[in-house]
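# Examination of the molecular architecture
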Amino acid sequence: MRTRLLVMMALQTAVWGAWAPKLFPYMTMLGFGPGRQALVGSAWGIASVIGIFFSNQFADRRFSAERFLAVSHLIGGLCLVGTGFATDFWPFFACFLGYSLVYVPTLSVANTLAFANLAQPAREFGAVRLGGTLGWVLASWPFVFLLGAQATAAQVRWIFLVAAILSFAMAAYALALPHTPPRREGAVDRLAWRRAIACLRQPAVAVLFLVTLLDAVVHNGYFVMSDAFLTNRVGIAGNLSMVVLSLGQVAEMATMAVLGWVLARLGWRLTMIIGILGHAARFLVFAFLADSVPAIVAVQLLHGVCYAFFFATVYIFVDDAFPKDVRVSAQGLFNLLILGVGNVIASFVFPALSSRWTVVVDTAAGPQAAVDYRTLFLVPTALALAGAVLLALFFRPGQGVGRGVGQGAEQPVEV
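All values reported here derive from a predicted model rather than from experimental measurement.

### Observations concerning the overall build of the chain
Within the chain, the regular secondary structure consists of 16 helices and two strands. Carbon together with sulfur atoms contributes 66% to the accessible area of the chain, which is approximately 17,400 Å² in total.

### Overview of the packing of aromatic side chains
In this description, an aromatic ring pair is defined by two values, namely the gap between the centres and the angle between the planes. Within the structure shown, the criterion is met by 33 aromatic pairs. Taking the centre distance of 5.5 Å and the plane angle of 70° together, the rings of Phe32 and Phe92 count as edge-to-face. Of this pair, Phe32 sits in the loop between helix 2 (23–29) and helix 3 (34–62) while Phe92 sits in helix 5 (residues 89–117), placing them 60 residues apart in sequence. Taking the relative accessible area as the measure of exposure, Phe32 reaches 6% and is therefore buried. Where Phe229 meets Tyr373, the ring centres are 5.1 Å apart and the plane angle is 70°; that geometry is what we call edge-to-face. Taken together, the residues span a long stretch of sequence, with Phe229 in helix 11 (residues 203–234) and Tyr373 in helix 16 (residues 373–394) at a distance of 144 residues. The class of Tyr373 is buried, set by a relative accessible area of 8%. In this arrangement the basic side chain of Arg282 is found over the ring face of Tyr222, its NZ or CZ atom lying 3.8 Å from the centre.

### Here we look at the nonpolar core
Ranked by size, the top nonpolar core spans 85 residues in total, and within it Met8, Trp19 and Phe92 carry the most contacts. When residues in this core are grouped by element, the largest group, 12 residues, is from helix 5. For this core, the domains that each give at least three residues are domain 1 (1–180) and domain 2 (191–397). Those residues in contact with Met8 that lie beyond four places of it in its chain are Leu69, Ala110, Leu113, Ala114, Met170, Tyr173 and Leu177. Formed by 32 residues, the second largest nonpolar core is a distinct cluster that contains Leu208, Val314, Phe317 and Val318.

### Notes on the confidence of the model for the chain
Per-residue pLDDT for the chain has a mean of 84; in total, 86% of the residues score no lower than 70. Across residues 399–415, confidence stays below pLDDT 50; counting only partners more than four residues off in sequence or on other chains, it has 43 contacts.

### What to know about a nonpolar patch on the surface
Together, Leu39, Trp90, Val341, Ile345, Phe348 and Val349 make up a nonpolar patch on the protein surface, roughly 480 Å² of accessible area in all. Among the elements that make up the nonpolar patch, the one with the highest residue count is helix 15 (residues 327–356) (four residues). The partly exposed category is assigned to Ile345, whose relative accessible area is 32%.

### Thoughts on the environment of Ile276
By the secondary structure assignment, Ile276 is in helix 12 (residues 241–288). Residues Ile276 and Thr212, spaced 64 residues apart in sequence, show a C-alpha to C-alpha distance of 9.4 Å. If sequence neighbours within four positions are ignored, Ile276 has contacts with Val211, Asp215, Phe310, Ala384, Gly387, Ala388 and Leu391.

### Some thoughts on the state of the cysteines
Here, the word disulfide means a covalent bond between the sulfur atoms of two cysteines. Going through the model one piece at a time under the given rule, you end up with zero disulfides. Here Cys79 stays free of any disulfide, with the sulfur of Cys95 as its closest cysteine sulfur at 6.2 Å. Judged by relative accessible area, which is 17%, Cys79 ranks as buried.

### Observations regarding the side chain of Gln300
If you trace the backbone, Gln300 turns up in the loop between helix 13 (293–299) and helix 14 (302–321). Judged by relative accessible area, Gln300 falls into the buried class, the value being 0%.

### Points about the pattern of salt bridges
With the rule as written, the count across this model stands at two salt bridges. Between Asp227 and Lys22 there is a salt bridge, with its nearest N and O atoms 2.9 Å apart. With a gap of 205 residues between them, Asp227 in helix 11 and Lys22 in the loop between helix 1 (2–19) and helix 2 connect regions that are remote in the sequence. On the basis of relative accessibility, which here comes to 1%, the residue Asp227 falls in the buried class. Taking relative accessible area as the criterion, Lys22 reaches 4% and is therefore assigned buried. The residue Asp291 makes a salt bridge to Arg233 at a minimum N-O spacing of 3.0 Å. Of this pair, Asp291 sits in the loop between helix 12 and helix 13 while Arg233 sits in helix 11, and the two are 58 residues apart along the sequence. The exposed category is assigned to Asp291, whose relative accessible area is 67%.

### Some thoughts on the environment of Met8
Its location among the elements puts Met8 in helix 1. C-alpha of Met8 to C-alpha of Leu113: the two residues are 105 residues apart in sequence and 9.9 Å apart in space.

### Here's the deal with the side chain of His219
Residue position: His219 is located in helix 11. Here His219 falls in the buried class, since its relative accessible area comes to 10%. Residues contacting His219, with those up to four places away along its chain left out, are His279, His303, Tyr307 and Phe311.

### Some details on the packing of helix 12 against helix 14
Packed helices, taken two at a time, are described by the angle their axes make and the gap between the axes. Orientation of helix 12 relative to helix 14, taken along the N-to-C sense of each, is 50°, at an axis distance of 4 Å. Taken as axis vectors, helix 12 and helix 14 run oblique relative to one another. When the residues that make up the contact of helix 12 with helix 14 are grouped by side-chain class, the tally is 22 nonpolar, 10 polar and three charged.

### Some points on helix 14
Between the first and last C-alpha of helix 14 there are 27 Å, a value that for 20 residues agrees with the 28 Å anticipated at 1.5 Å per step. By the largest-angle criterion, Thr313 marks the main kink of helix 14, which is about 30°. Across the 20 residues that make up helix 14, a large majority, 15, are buried.

Quick notes on the rules
- Residue positions within a chain follow its written sequence, with the count starting from 1.
- Only residues with pLDDT of 70 or above have their local features reported here, since the model is predicted, and side-chain atom pairs are shown and tallied only from 80 upward, although totals for entire chains, interfaces and linings are computed over all residues.
- Where side-chain values are given, they derive from all heavy atoms of the structure, hydrogens and water being excluded.
- Secondary structure elements follow DSSP: runs of H or I of four or more residues count as helices, runs of E of two or more count as strands, with numbering from the N terminus.
- Residue-level accessible areas treat just the shown protein chains as cover; the underlying method is Shrake-Rupley with a 1.4 Å probe.
- Only Phe, Tyr and Trp rings take part, Trp by its six-membered ring, and two of them pair if their centres are within 6.5 Å. Stacked means planes under 30 degrees apart, edge-to-face means over 60, and tilted covers everything else.
- Exposure categories follow from relative accessible area, calculated using a 1.4 Å probe and restricted to protein chains: below 20% of the type maximum is buried, above 50% is exposed, and the middle band is partly exposed.
- Only when the NZ of Lys or the CZ of Arg is both within 6 Å of the ring centre and within 35 degrees of the ring normal is a charge said to sit over the ring.
- Think of a nonpolar core as a cluster: buried Ala, Val, Leu, Ile, Met, Phe, Trp, Tyr and Cys residues, connected wherever their side-chain atoms sit within 4.5 Å.
- Per the annotation, domain bounds derive from an automatic or database assignment of domains.
- In what follows, residue pairs with any heavy atoms lying within 4.5 Å of each other are defined as contacts.
- Summary of the metric used: pLDDT quantifies the predictor's per-residue confidence within the range 0 to 100.
- Grouping into patches uses exposed residues only, defined as over 30% relative accessible area, and leaves out salt-bridged ones; the cut-off is 9 Å for like charges and 5 Å for nonpolar side chains (Val, Leu, Ile, Met, Phe, Trp, Tyr).
- A carboxyl oxygen of Asp or Glu within 4 Å of a side-chain nitrogen of Lys or Arg is what we treat as a salt bridge.
- Cysteine sulfurs are considered disulfide-paired once they come within 2.5 Å of each other.
- Every axis corresponds to a line fitted to the C-alpha atoms, with the helix fit spanning only the stretch in contact, and the corresponding angles, defined between N-to-C directions, vary from 0 to 180 degrees.
- Each angle is binned into one of four classes, with values under 35 degrees roughly parallel, values over 145 roughly antiparallel, values of 65 to 115 roughly perpendicular, and all other values oblique.
- Under this grouping Gly is polar, as are all residues other than the nonpolar Ala, Val, Leu, Ile, Met, Phe, Trp, Tyr, Cys and Pro and the charged Asp, Glu, Lys and Arg.
- Any helix carries an expected span of 1.5 Å times its number of residues minus one.
- Note that the bend at a residue is defined as the angle between axes fitted to the seven residues ending at it and the seven residues starting at it.

Below, the structure written as structure tokens:
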């Protein structure tokens, strides 16, 4: 069963990983300006908001999980094919938004299916979720052969076509997954969202909520800017940039393996600070060592620290600190920041700043437009440092919050 669920997670995430790194460079190739790029990036955020309520209030109660996954990925695959062949903005946006609306709910539904079919979910889910990281890494390898060193728009459109193939494969595979019936009507607390939001009155939770928003903007900004930076500034071949970026996911697997040990010894605050400082360090290397290919490639490994030590730790903290009956909704609130709000802000801010800080430089081939990446990357660096300072000065979860990591008896956040 764990192997079957691991394959499910790998296919589920590979669909996402196939298009995400090159989405914004591809839109630049199509001639979409910063405003239009921001709209496309916002589609994922819009879908995150709608998807959370849709999956909780409709999908979980009306469809078996495996059938919901199959239908959603079938429709999503068709939308991805449309996105790949659309070159005008509005058809492109409509297809990508359609894909986003049906794909985002599958993230939580896949988790639901896994939890429902594991004998010991708390112990076994980590190993199953590792399939998602593996799927993201594997999704980058077809493009070594599909793209050229100087990839054209006609080649890069394959990011959507490969994602569509993976989506169709996931739709077929979902039908072979164990039957997981919808939850009973009474299984969902209609007031859980309000009670989870009320937890933000607690100072520690409010500070963490704000810092998560800051780091979500930085994290999503990395995906907005990094591929173009690698190919246009560092000089990494277009068919290898996604493989270089996938090194971060390889490191994530190793970092997740030691996360429990680190939490037990450093606690919530210091572990999260290290994670968010990882983002600052990576962007500082991008800003000041862009001429060193080995340094740029090596610093990708910090992604594992950034994700595991901050975002994964946030999820564990929420599960540990919030009352049991609102934990799912609390996870949804923080997930809304990471997948939704942070994504929307990054999609608006960083393309606009890239356009603003584009300068004309003289080259052997004549005047060329180039982004001032050093100035650009100091923005996410400053955001990450601000988040680290907020955690250091104001994040006080209190003794005992986090029994699972050796900080005493459990003291859930009061509502």
